[in-house]
Amino acid sequence: MKPLRMRKNSYPGPGGMLACSFLLHVALLAIVVTFRLYPEAHPLAEETYYVDMVSLPVASPAKGTPAPTATTQQPAAPQAAPEPPRPAPQSPAPAKAAPPASRPSMTYPTAKTKPTTSKQKQVQSDETAPTGAEAKAFQDRMAKLERQAEDRRQADVLARLRKGTGGKKGAPTGSGTQAGSDYAAYIHSRLKDAFVDTIASQTKSPQVTVRLVIGPDGRIAQYKVENSSGDKMFEDAVDRAVHVAERSFRKPPGGTPFEQGFVFRPQGVGLK
Amino acid sequence: MGMLASTGLVVKLVLGILLYFSVVSWGIIFYKLLQVYRANSASQHFLEFFWKAKRFDAIATQLDRFENSPLAVLFNEGYGELKKLQEKVVEKSDPSVISTDLGGIDNIARALRRATTSEITRLEKYLTFLATTGSTAPFIGLFGTVWGIMTAFQGIGQAGSASLATVAPGIAEALIATAIGLVAAIPAVMGYNHFQQKIKVLISEMDSFSTELLNIVQRNFAGR
């Protein structure tokens with residue numbers, strides 16, 4: 001009798017099934033990659049709030065200025081800068097009307113913390129009482145000017161808040177030339193904070209230099225690794241840091257693209 | 001995918017080996033599923049046909065219909081041996097009698113045993129690879145993880161930071177190897193156990209059929 005097993009099976013052999021298995025694995029891999037079913041390596045960074053001391057609203061225009069002297073009579077704040085104007089209540093008009101030495105009350109608006117309260121005004125009135133009706137008229141004018149200056153300042157702060165600083169506290173609003181609002185320093189600080197959370201390396205002293213171009217919309221328009229020590233893990237950490245930091249970037253001042261190189265080392269981030 | 005790309009060479013090698021194990025295991029699982037399913041199905045049909053048939057000749061002519069059945073193979077071997085014995089006896093004297101004195105039944109039993117062993121070997125072929133994958137893949141994955149964690153800790157030590165954010169990504173990358181090892185091992189172990197059980201049933205059926213066939217041969221062909 002002819003052995004039954006001498007003929008071939010009518011179903012695919014191990015080779016065919018191996019090919020099927022390979023295709024199945026490729027398809028699974030494609031599904032995992034397409035739908036991003038693998039865990040994300042990027043940790044969720046807590047949002048950091050920055051407070052820009054320059055544009056911080058203060059109760060009194062004079063309060064934020066360091067050690068005002070009694071004789072300091074500041075003119076009106078320069079209108080060119082969009083930073084909080086310091087509308088000095090001591091406008092030239094009252095300065096002209098003030099008597100030279102026997103009127104210490106001339107300096108009270110910068111010396112008092114809450115000059116607009118009625119009680120303090122009363123105190124001032126008492127202090128200046130011996131000067132007579134002329135002094136009283138002067139006090140009234142001063143109080144009026146103060147109120148006007150305060151109204152102007154509050155309207156200005158309100159307008160600036162409405163304009164777009166809402167939501168992102170402390171974002172730089174200046175032109176980049178004023179202390180505390182340098183855009184490069186701002187981006188640098190964001191990168192530094194993000195890098196602390198993502199840093200990882202495989203080699204001894206890795207270093208990566210990247211050049212970022214931030215578009216007018218505040219997003220990274222160009223991200224280029226200019227130089228790398230070849231540590232893939234460190235490069236990946238830098239990449240993660242840049243993309244984590246990007247979430248909190250504000251638009252560059254003036255609506256022009258911003259370009260800057262940054263050097264990442266295990267010790268921190270530096271400007272190039 | 002970034003996690004995979006940032007792993008070291010050893011971990012990548014481990015992942016490659018595990019992927020190979022997984023691909024081959026699934027290939028074997030698919031092949032065995034089809035083989036065992038067809039063997040079971042064809043055996044059921046063959047048994048029905050066998051018990052309905054009146055003559056061995058009639059069954060022998062229809063064996064091609066049950067090519068995937070191990071029982072059909074047993075019958076083919078047993079019947080072949082029976083025919084040989086009959087031809088030998090015809091040359092001597094009475095063609096309808098097989099002398100047990102000359103070891104005729106023993107010959108058929110040996111032929112059936114040989115065919116059974118051959119079928120068991122065929123059915124169990126490649127199962128050892130599944131057993132090997134099931135038992136070694138987790139350890140290979142573990143090796144990759146240990147190596148990855150060692151490398152990650154070296155990097156962390158050089159970075160000088162020990163925060164969770166620094167430690168976690170390296171460990172997460174290293175743990176991929178263990179995960180892939182388990183992904184390769186679990187189906188292999190499940191498949192191995194499943195096929196072992198199915199093959200055990202088929203072996204039992206083959207033993208029963210061999211006994212039945214020998215009984216029929218002894219009843220109808222052997223000399224008293």
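Quantities reported herein were computed from a predicted structural model and do not represent experimental measurements. (Residues numbered from 1 in each chain as written. Chains lettered and ligands numbered in written order. Predicted model: local features only at pLDDT ≥ 70, side-chain atom pairs only at ≥ 80, totals over all residues.)

Observations concerning the overall build of chain A
Scanning chain A for helices and strands turns up seven helices and four strands. Along chain A, helices and strands appear, N-terminal first, in the series α-α-α-α-α-α-β-β-α-β-β. For chain A, the proportion of its 272 residues judged to be buried stands at 21%. Here the analysis covers contacts within chain A between residues at least 6 apart in sequence; of these, 69% occur between residues at least 24 apart. (Helix = DSSP H or I, 4+ residues; strand = E, 2+ residues; numbered from the N terminus. Buried ≥ 20, exposed ≤ 12 C-beta atoms within 10 Å, placed from the backbone. Contact = placed C-beta atoms within 7 Å.)

Quick word on the overall build of chain B
For chain B, the count of helices and strands is seven helices and zero strands. Secondary structure elements in chain B, listed N-terminal to C-terminal, are α-α-α-α-α-α-α. For chain B, the proportion of its 224 residues judged to be buried stands at 38%. Across chain B, every contact between residues at least 6 apart in sequence was considered, and the portion connecting residues at least 24 apart equals 84%.

Focus on the packing of helix 1 (residues 14-34) of chain A against helix 2 (residues 9-52) of chain B
Look at helix 1 of chain A against helix 2 of chain B: their axes get within 7 Å of each other, and the N-to-C directions meet at 125°. Taken together, helix 1 of chain A and helix 2 of chain B sit at an angle that is classed as oblique. Considering how the two elements wind past one another, helix 1 of chain A and helix 2 of chain B form a crossing that is right-handed. In contact with Pro14, Met17, Leu18, Cys20, Ser21, Phe22, Leu24 and His25 of chain A of helix 1 of chain A, helix 2 of chain B contributes Ser22, Val23, Val24, Trp26, Gly27, Ile28, Phe30 and Tyr31 of chain B. When the residues that make up the contact of helix 1 of chain A with helix 2 of chain B are grouped by side-chain class, the tally is 12 nonpolar, four polar and no charged. (Axes fitted to C-alpha atoms, helices over the stretch in contact; angles between N-to-C directions. Parallel < 35°, antiparallel > 145°, perpendicular 65-115°, else oblique. Left-handed = near helix turned anticlockwise from the far one by under 90°. Nonpolar A, V, L, I, M, F, W, Y, C, P; charged D, E, K, R; others polar.)

Things to note about the nonpolar core
Generally speaking, a soluble globular protein has its nonpolar side chains buried in company with each other. Counting residues in hydrophobic clusters, the biggest one holds 55 residues, and the most contacted among them are Leu191, Val238 and Ala241 of chain A together with Leu18 of chain B. Those elements that place two or more of their residues in this core are helix 6 (183-198), strand 1 (208-214), helix 7 (232-246) and strand 3 (258-265) of chain A together with helix 2, helix 6 (127-159) and helix 7 (164-220) of chain B. At 12 residues, helix 2 of chain B tops the list of elements feeding residues into this core. Leucine 18 of chain B has contacts with Ala137, Ile140, Gly141, Ile180, Gly181 and Ala184 of chain B, leaving out every residue within four places of it along the chain. By size, the runner-up hydrophobic cluster in this structure holds 20 residues, among which are Leu85, Ile108, Phe209 and Val217 of chain B. (Core = buried A, V, L, I, M, F, W, Y, C linked by C-beta atoms within 7 Å.)

Topic: helix 1 of chain A
Compared with the 30 Å implied by 1.5 Å per residue over 21 residues, the 30 Å span of helix 1 of chain A between its first and last C-alpha is a close match. Positive backbone phi, at 50°, marks arginine 36 of chain A, one or two positions downstream of helix 1 of chain A. (Expected span 1.5 Å × (residues − 1).)

Points about the UniProt feature "transmembrane region" (unreviewed entry) in chain B
Residues and elements named next belong to chain B. The UniProt feature table records "transmembrane region" (unreviewed entry) at residues 13-34, 126-150 and 170-192. As annotated, residues 126-150 comprises 96% helix and 0% strand, and the C-alpha atoms at either end are separated by 36 Å. Helix makes up 100% of residues 170-192 and strand 0%, with an end-to-end C-alpha separation of 34 Å. (UniProt positions renumbered as here; feature names shortened; annotations may be inferred.)

Overview of unusual backbone geometry
Unusually for a residue other than glycine, tyrosine 126 of chain B sits at a positive phi of about 75°. Structurally, tyrosine 126 of chain B can be placed in the loop between helix 5 (104-124) and helix 6.

Concerning the confidence of the model for chain B
Residue and element names in this part refer to chain B. Of all residues in chain B, 88% attain a pLDDT of 70 or more, and the chain-wide mean is 86. Helix 1 (residues 2-5) is the least confidently modelled element of chain B, averaging 66 in pLDDT, while helix 2 averages 93, the highest of any element. Reported confidence for the predicted complex is 0.74 by ipTM and 0.53 by pTM. (pLDDT = per-residue confidence, 0-100.)

Some remarks on the sheet that holds strand 1 of chain A
Residue and element names in this part refer to chain A. Taken together, the four strands give an open sheet; going across it, the order is 2-1-3-4, and neighbouring strands pair in antiparallel fashion. In the strand order of this sheet, the two ends are held by strand 2 (220-228) and strand 4 (268-271), each with one partner. Taken over all neighbouring pairs, the strand axes of this sheet differ in orientation by 25° on average, direction set aside. Against the sheet, helix 6 contacts strand 1, strand 3 and strand 4, and its axis sits at roughly 160° relative to strand 4. Lying over the sheet, helix 7 contacts strand 1, strand 2 and strand 3, oriented at roughly 25° with respect to strand 1. (Pairing = 2+ DSSP bridges.)

Remarks on the pairing of strand 2 of chain A
Residue and element names in this part refer to chain A. Direction of pairing for strand 1 relative to strand 2: antiparallel, over a ladder of seven bridges. Looking across to strand 2, one finds that arginine 211 is bridged to lysine 224. Between strand 1 and strand 2, which pair antiparallel one after the other, the connecting turn spans five residues, and glycine 218 there sits at a positive phi close to 85°.

Comments concerning the pairing of strand 1 of chain A
Residue and element names in this part refer to chain A. Of the two faces of strand 1, only one is covered, namely that formed by Val208, Val210, Leu212 and Ile214; the face formed by Thr209, Arg211 and Val213 stays uncovered. Bridge count for strand 1 against strand 3 is seven bridges, and the pairing is antiparallel. When the sheet's bridge partners are listed, valine 213 is paired in strand 3 with glutamate 259.

Remarks on the environment of valine 213 of chain A
Residues and elements named next belong to chain A. For valine 213, the location among the structural elements is in strand 1. A C-alpha to C-alpha distance of 8.7 Å links valine 213 and lysine 224, two positions 11 residues apart in sequence. With residues near it in sequence (within four places) discarded, valine 213 still touches Ala221, Gln222, Pro257 and Glu259.

Here we look at the packing of helix 2 of chain B against helix 6 of chain B
Residues and elements named next belong to chain B. Relative orientation of the contacting elements helix 2 and helix 6 amounts to 160°, with a least axis distance of 9 Å. For the element pair helix 2 / helix 6, the angle class is roughly antiparallel. Crossing of helix 2 over helix 6 shows left-handed handedness. Along its contact with helix 2, which presents Val10, Val11, Val14, Leu15, Ile17, Leu18, Phe21, Val24, Ser25 and Ile28, the element helix 6 presents Phe129, Leu130, Thr133, Ala137, Ile140, Gly141, Phe143, Gly144, Trp147 and Gly148. Residue composition of the contact of helix 2 with helix 6, grouped by class: 15 nonpolar, five polar and no charged.

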